[in-house]
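Residues per chain are reported as follows:
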Amino acid sequence: MHRITGKSGGDSLIEMSPTESFNDDVNGYHQHASSSTGSLQQGQSAFHFTPDVCEETCESLSTSLASLATSDHSDSPHFQAQTLEQINSLTGLSRKRALFLKFRSRIDKQQHSKDSVFFRDGMRRIDFVLSYVDDKDGERKQERRKVYEANLEKVGLELETEDKSESDDGKTYFVKIHAPWEVLATYADVLKIKVPFKANDIPDNSEMPMNWLSTPFRLPAEIMHPEPDYFTAPFNKSKSDFFLIDNKDTFFPPSTRNRIVYYILSRCSYFRDECGDKDKKGIKRLLNNGTYTAAFPLHDCRYWKRSRDANCESDRYNLYKNWARFFYFFKEQPLNLIRKYYGEKIGIYFAWLGFYTEMLFFAAIVGTICFVHGFLTYDDNEWSKEICSEEIGGNIVMCPLCDKKCGYWKLNSTCNSSWQSHLFDNVGTVFFAIFMGIWVTLFLEFWKRRQARLEYEWDLVDFEEEQQQLQLRPEYETKCTNRKLNRITQETEWVLERTATDLLGKLFLCWATVILWISLIIACIIGVIAYRLAVYAAFASIMKDSPTTNLQVVGPYITPQLATSVTASCINFVIIMVLNLMYERVAVWITDMEIPKTHLEYENKLTVKMFLFQFVNYYSSCFYVAFFKGKFVGYPGKYTYMFGEWSKLRNEECDPGGCLIELTTQLVIVMTGKQVWGNIQEALVPWLMNWWGSRKARNHPESLYSRWEQDHDLQGFGQLGLFYEYLEMVIQFGFITLFVASFPLAPLLALINNIIEVRVDAWKLTTQFRRPVAAKAHSIGAWEEILSGIAVLSVVTNAFIVAFTSDMIPRLVYMYAYQPNGEMNMKGYINNSLSVFNISEILLDNRPEEGENPSWFNSSITTCRYRDYRNPPDHEKRYFHTMQFWHILAAKLAFIIIMEHVVFSVKFFVAWMIPDVPSDVRARVKRERYLVQEYLHDYEVEKLKVQLSHNGNNDCTCTPMIYPSLPQHEVLSECL
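Residues numbered from 1 in each chain as written. Predicted model: local features only at pLDDT ≥ 70, side-chain atom pairs only at ≥ 80, totals over all residues. Heavy atoms only, no water.

### Focus: the packing of aromatic side chains
Thought 1: Per the stated rule, a full pass over the model turns up 63 aromatic pairs.
Thought 2: Aromatic pair Tyr349 and Tyr726: ring centres 5.0 Å apart, planes at 80°, arrangement edge-to-face. In this pair, Tyr349 is assigned in helix 12 (residues 344-376) and Tyr726 in helix 23 (residues 721-738), connecting sequence segments 377 residues apart.
Thought 3: The class for Tyr349 is buried, based on a relative accessible area of 1%.
Thought 4: When the ring centre of Tyr639 is taken as origin, the NZ or CZ atom of Arg650, which lies over that ring, is 3.5 Å away. (Phe/Tyr/Trp six-rings, centres within 6.5 Å; stacked < 30°, edge-to-face > 60°. Helix = DSSP H or I, 4+ residues; strand = E, 2+ residues; numbered from the N terminus. Buried < 20%, exposed > 50% of the residue type's maximum accessible area, 1.4 Å probe, protein only. Lys NZ or Arg CZ within 6 Å of the ring centre and 35° of its normal.)

Encoded structure:
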């Protein structure tokens, strides 16, 4: 069967000769039918098939043929004749023959399963797959594909095309790509890929005492260490016999093979030499303009069962079985297998995520202990007892919390919130804030050691600038016009000439855009604050007669403050999600406009822009509640307004129990909401899209649903897939460090989320996404600097939260300096912390309207109380701050200074004590470098001896050729 091109109108022409029709070679699958079927439709050498038949008939035929193709008697001549007779009864002659031939092709292909990662010859491995669909703009795209594929073959790649008639939808063509040894060896040399040259002879002394305790958490040795440990060196094509090459077909693992092929695809042009258009280059541009619909390496098997091919590793099955299932959450991760299958970049991410989750375990334990301490000291909470007491809290009349719509209220109405606040606002809070400052340092320092060990084990020790230069972005290379001498390598390289005006203009545009979007976030936050101020009055008016007390269980806990805080937090969360979706596109656009030189530089620039935006987006509301709410309120008779008195939006006051419980509420809603939404978005959305996209193909037999079609139906992981995973975790890291003093259970929630996150990420990567192109990375990149910055900032924020948001310092000052009886207790604290104001002096615009005051309020009540330290009305300096206010302020500032200095001193001491690289790793690196030099020296000496002996015997002065018979191909690398 041959595909005939050039026919217009979208019709496809299939030509069959009488002898070809039943003894055919269908797209290279050598299939032979019984000779008795040759009598069918004899004398007709060709027919035409046009898709203009009724859809219902086509659907019924497709259903019938799909069931017939799976029959056990499908190879019988009688069965095939009977099938043709059934088709005859449904449609016309030309349609009959086309459908029957497609049915025959499907039957015959069952003998050769297409669920394979090899070419039709069963020998050459498929390293990459391109797919495309013919459409209205087919001529231009067809020309691009023709030139592009010819250029791929020119550089040595081998291609094999699957006709659209072989695909499930009847529209998609698949181009399978194989890289032979010559190409792999050439580009392994170009990319300086490290390969083994000697077995590792350093004994492993990493056995831990009582190692048997970790047995339940371990995976089998063949899963944890799928490959032997070797000393490695950068591959050199001219010295191939120096390396341990047993089998050229399996010497480079599939992840390395697809990385090399993608390197070629990214740099291969799709224009003819005479055009001279340097911009038309790379698979990325061809995907963007629709010439190809997808480009991806293949998974090696189905994830739920091993491949039938003995030459296939079935690593995907092993990853799913031992890593991607949730019930293995307590098991260690097979990092070496992840690295082998997906590459070092994805391996480093899961190594970091796993290590972060392990360290969260210790923070979660301490945080839980602090929370339990607050719960156990519940009954010792003297100030809450005073608030809830009818004799004290029931007799204290508080001033209105808003203008006109808020009436006078009694202090004991906040009884429940004061008890809740004690769970998080206690002495344990201070200890936990200090502990988290030290924990962050330990986490970062121990991660550096873990990362150094992975760098050595995964051959990334020397993966520095020279490696990054080999990863120049194709988008940068196409813009380069001049060559310049590199002072380090003393070689000329392509550079992008930019004028000062152009550079400054782009920088201004990029950062002006970032600042504009950050300003937009701040404007949204101000809008939410305005909402809180406006709605609080409405809630206060609605709840003045306590209608919520009729609600069972939760009714008594609902207050105007709580209702305002919860609704504002939910609105803020929705705004955060919407702005995220919008800004992601803007950040990618302005980063593309900067034309970064390397992939690493591109990711770092994007990381900085995205994180600055996300930082303001996620944390601004928490910063407002922690450091601004209740701090600039004024006092009755002279209140402070958000936009001036004309706005009528009076600044919010804190509850007498403190603002810490509101910060906790804000943190819980935003943090847990983001995590739940993130997991739904990561797992459910790809699953639904894959389920819908492959709904028809699921009914096909395994042998008819090809490996490339299966992967084509999956979702693409994308070049920035890992970026969003890192961003999600770093934002979470900020929540559990920057504001952890307000919510000691935050590390516990993060731990639970991350245990799920590891398995969700593993599951979706293994089952729901196409196999990503392998990429190298020796660290987590710019995220490490961001984590260090958050760690430093967290010490400052937690010190300020304890000092200014919590009531810890005012209580301690009262107990040690202002307790009237000189006792070391908190009796009388509530009365001491509230100032007195004369009701008659409240301005008319601030007084409650008629009907807003509760029934118990009458004219005999002449004063009200408010939260501050000011002199009473009968004092000579009335309504000025008391000396106690200044003592408390001095104590707060002293606490911040002392806490910061203590934590920073411990941080720097711990960082100095813990070396970044373990001593055994340092020794192994030195040993490997020594062996490389020694073995290369011995190799060159032996090679010289052989050459001299040949010269003495044959008087030949030519250099021995390693590949005398291999064809010479163009090498797509500016680095050469």
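### Quick word on unusual backbone geometry
Thought 1: Even without being glycine, Lys192 reaches a positive phi, approximately 55°.
Thought 2: Summarising the element assignment, Lys192 is placed in the loop between helix 5 (181-190) and strand 9 (194-199).
Thought 3: Judged by its relative accessible area of 39%, Lys192 is partly exposed.
Thought 4: Its identity as a non-glycine residue notwithstanding, Tyr879 has a phi of 65°, on the positive side.

### Looking at the pattern of salt bridges
Thought 1: Taken as a whole and assessed by the stated rule, the structure comprises 31 salt bridges.
Thought 2: The partner of Glu158 in a salt bridge is Arg124, and the shortest N-O contact between them spans 3.0 Å. Pair noted here: Glu158 is in strand 7 (residues 158-162) and Arg124 is in the loop between helix 3 (93-109) and strand 6 (128-133), with a separation of 34 residues, a long-range link.
Thought 3: Here Glu158 falls in the partly exposed class, since its relative accessible area comes to 28%.
Thought 4: For Lys340, the salt bridge is made with Asp315, and the minimal N-O distance between the two is 3.4 Å. One end of the pair, Lys340, is in helix 11 (residues 335-342); the other, Asp315, is in helix 10 (residues 315-322), with 25 residues separating them in the sequence.
Thought 5: The class for Lys340 is buried, based on a relative accessible area of 15%.
Thought 6: Under the relative-accessibility criterion, Asp315 is labelled buried at 7%.
Thought 7: Among the charged side chains, a salt-bridge network with shared partners connects Arg120, Glu160, Glu162 and Lys176. (Salt bridge = Lys/Arg side-chain N within 4 Å of Asp/Glu carboxyl O.)

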